[in-house]
Amino acid sequence: NIQNNARFASFAGVGIAAEYNGISIGASNPLLFNKVEMEENPTYFNVGYIVDNEESLFGFYSNGLWKRDFKNGLNAVDVTLKGVFYDRFAFGFFGRNIVSNSEDYRKSIIPFIEFKSSETTTFGLSYEKGVPYNQISSTGYIERSLFQFMVKYSANNKAYSRRRR
């Protein structure tokens, strides 16, 4: 969301993260140093927890993300809960809550599934109902449903590969 018509806008941010015994915390501002005036300048805070016993067939992952934009008053909270079976199949949901100073409010629950086809490749699918679409009708914004398909490749993926098959 760049205010002017610049074809290239450089920016840089800063962040910090720590993890200990399955608990993770972090904070970042990806647009801290930028040359172009942006509509948003969010700061992200997150906390997460992983339960993953090497002997178990089941793992559990949770993460909370708070997006706070001190410039325009936007607050957004995302919560992710995910269960993993046999190091290959995962299912869960994202809970999303967005509030701004203009009292706009949006809450949604987004279910998802994942399949890890190899040590490096994961496929996923999610569904979100009632996504505001950037087209206005006589009754306001049009809401549509959204399917998202994910392909993840990681050459150094240790997330599911700690247990031997």
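All of these numbers come straight from a predicted model, not from anything done at the bench.

Analysis parameters
- Residues numbered from 1 in each chain as written.
- Predicted model: local features only at pLDDT ≥ 70, side-chain atom pairs only at ≥ 80, totals over all residues.
- Heavy atoms only, no water.
- Helix = DSSP H or I, 4+ residues; strand = E, 2+ residues; numbered from the N terminus.
- Contact = heavy atoms within 4.5 Å.
- Buried < 20%, exposed > 50% of the residue type's maximum accessible area, 1.4 Å probe, protein only.
- Phe/Tyr/Trp six-rings, centres within 6.5 Å; stacked < 30°, edge-to-face > 60°.

Draft legend 1. Layout of the environment of P111. Position of P111 relative to the elements: it lies in strand β7 (residues 105-116). With 17 residues separating them along the chain, P111 and F94 place their C-alpha atoms 6.5 Å apart. Here P111 is in contact with G92, F93, L125, S126 and Y127, once residues within four sequence places are set aside.

Draft legend 2. Inspection of unusual backbone geometry at higher detail. With a phi angle near 50 degrees, N21 is a residue other than glycine that sits in the positive phi range. Topologically, N21 is positioned in the loop between β1 (11-20) and β2 (23-34). Relative accessible area serves as the criterion here: at 58%, N21 is assigned to the exposed category. The backbone of D87 sits at a positive phi, close to 60 degrees, despite the residue not being glycine. By secondary structure assignment, the location of D87 is in the loop between β5 (75-85) and β6 (89-99).

Draft legend 3. Here's a closer look at the packing of aromatic side chains. On inspection of all chains with the given rule, the structure shows seven aromatic pairs. Considering the side-chain rings of F94 and F112, the 4.8 Å spacing of their centres and the 25 degrees angle between planes classify their relative orientation as stacked. Residue F94 is located in strand β6, and its partner F112 is located in strand β7; the two are separated by 18 residues in the primary sequence. Taking relative accessible area as the criterion, F112 reaches 7% and is therefore assigned buried. Through successive ring pairs, a cluster of aromatic residues spans F58, F85 and F91.

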